[in-house]
Amino acid sequence: MKSSSLQDAYFRFARLLDTVEKAPGFPKLDDLERKLLHFIALSIREKKSPLVGDIIFNNEIGSPATLSRRLSNLHNKKLIQYAEDQDGRKKYLKLTPKSDKYFAMLGELLLAASSPKAK
C-alpha cells in the first residue's frame with residue numbers, strides 16, 4: 001500500500017469516526033476517557049487484569065484525581081465494571097458488553113476505511 005493510500009485510509013477512518021461519534025447510541029468520550037478505555041482494553045487483551053490502583057497511579061495518562069474521575073465516568077457510561085478478588089482487597093477493571101460493541105464498531109470503521117471502494 002502506498003503512503004498516499006495509507007493517508008487516504010486514515011482520513012476515511014477519521015471522517016467515519018466523526019460521523020459515528022455523533023450518533024445517538026455511540027458513547028460520548030473525551031480524549032482522556034478514550035485513551036483510558038483503550039489502555040484498559042489493551043491490558044485485558046494482553047491477558048493482564050488491570051487493577052484500579054495501577055490505573056489511577058499511571059502518571060503517563062493523567063493525575064490520580066483525574067484518572068479516578070474518568071474511571072467513574074466510564075463506569076457510569078457502562079463501559080467498564082469493577083470486580084473484586086476473593087478477599088476483596090484488590091479491585092479489577094473489566095470491560096462490559098457495551099464496550100465490546102464500541103470496539104467492534106471501531107473495528108468495522110477501520111475495515112470500511114481500509115477498503116479501496118470506501119471513498
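Further up the page is the structure itself.
Please read these numbers as outputs of a predicted model, since none were measured by experiment.

Asker: Looking at this structure, I do not really get the pattern of salt bridges. What am I missing?
Answerer: Working definition: two side chains of opposite charge can pair if their charged atoms are close together. Counted under the stated rule, the structure contains six salt bridges. Among the salt bridges present, the one from Asp31 reaches Arg34, with a minimum N-O distance of 2.9 Å. Taken together, the positions of Asp31 and Arg34, both in helix 2 (residues 31-45) and three residues apart, correspond to about one turn of that helix. The partner of Glu33 in a salt bridge is Lys77, and the shortest N-O contact between them spans 2.8 Å.

Asker: Sorry if this is basic, but what is going on with the packing of aromatic side chains here?
Answerer: For any pair of aromatic rings, the description rests on two quantities: the centre-to-centre distance and the angle between the ring planes. Tallying each qualifying case throughout the model produces three aromatic pairs. Note on Tyr10 and Phe11: the rings are 5.3 Å apart at their centroids and 70 degrees apart in plane angle, and the pair reads as edge-to-face. Taking the centre distance of 5.3 Å and the plane angle of 40 degrees together, the rings of Phe26 and Tyr102 count as tilted. Of this pair, Phe26 sits in the loop between helix 1 (3-21) and helix 2 while Tyr102 sits in helix 5 (residues 97-114), and the two are 76 residues apart along the sequence. Taking the ring centre of Tyr82 as reference, the NZ or CZ of Lys91 above it sits at 5.2 Å.

Asker: Can you help me understand the nonpolar core in this one?
Answerer: Nonpolar side chains tend toward joint burial in soluble globular proteins. Counting 23 residues, the largest nonpolar core has Leu36, Leu37, Ile40, Leu71, Leu74, Ile80 and Leu93 as the members making the most contacts within it. The set of elements that each furnish at least two residues to this core consists of helix 1, helix 2, helix 3 (52-56), helix 4 (64-76) and helix 5. Leave out the neighbours within four places in its chain, and Ile40 touches Pro50, Ile55, Leu71, Ile80, Leu93 and Leu95.

Asker: Can you walk me through unusual backbone geometry in this structure?
Answerer: A positive phi is found at Lys47, a non-glycine position, where the angle reads about 65 degrees. With respect to the element layout, Lys47 can be found in the loop between helix 2 and helix 3. Residues other than glycine seldom take positive phi values, yet Lys78 does so here, at roughly 60 degrees. Checked against the element boundaries, Lys78 lands in the loop between helix 4 and strand 1 (80-84). Assessed through its relative accessible area of 56%, Lys78 is described here as exposed.

Conventions we followed
Residues numbered from 1 in each chain as written. Predicted model: local features only at pLDDT ≥ 70, side-chain atom pairs only at ≥ 80, totals over all residues. Heavy atoms only, no water. Salt bridge = Lys/Arg side-chain N within 4 Å of Asp/Glu carboxyl O. Helix = DSSP H or I, 4+ residues; strand = E, 2+ residues; numbered from the N terminus. Phe/Tyr/Trp six-rings, centres within 6.5 Å; stacked < 30°, edge-to-face > 60°. Lys NZ or Arg CZ within 6 Å of the ring centre and 35° of its normal. Core = buried A, V, L, I, M, F, W, Y, C linked by side-chain atoms within 4.5 Å. Buried < 20%, exposed > 50% of the residue type's maximum accessible area, 1.4 Å probe, protein only. Contact = heavy atoms within 4.5 Å.

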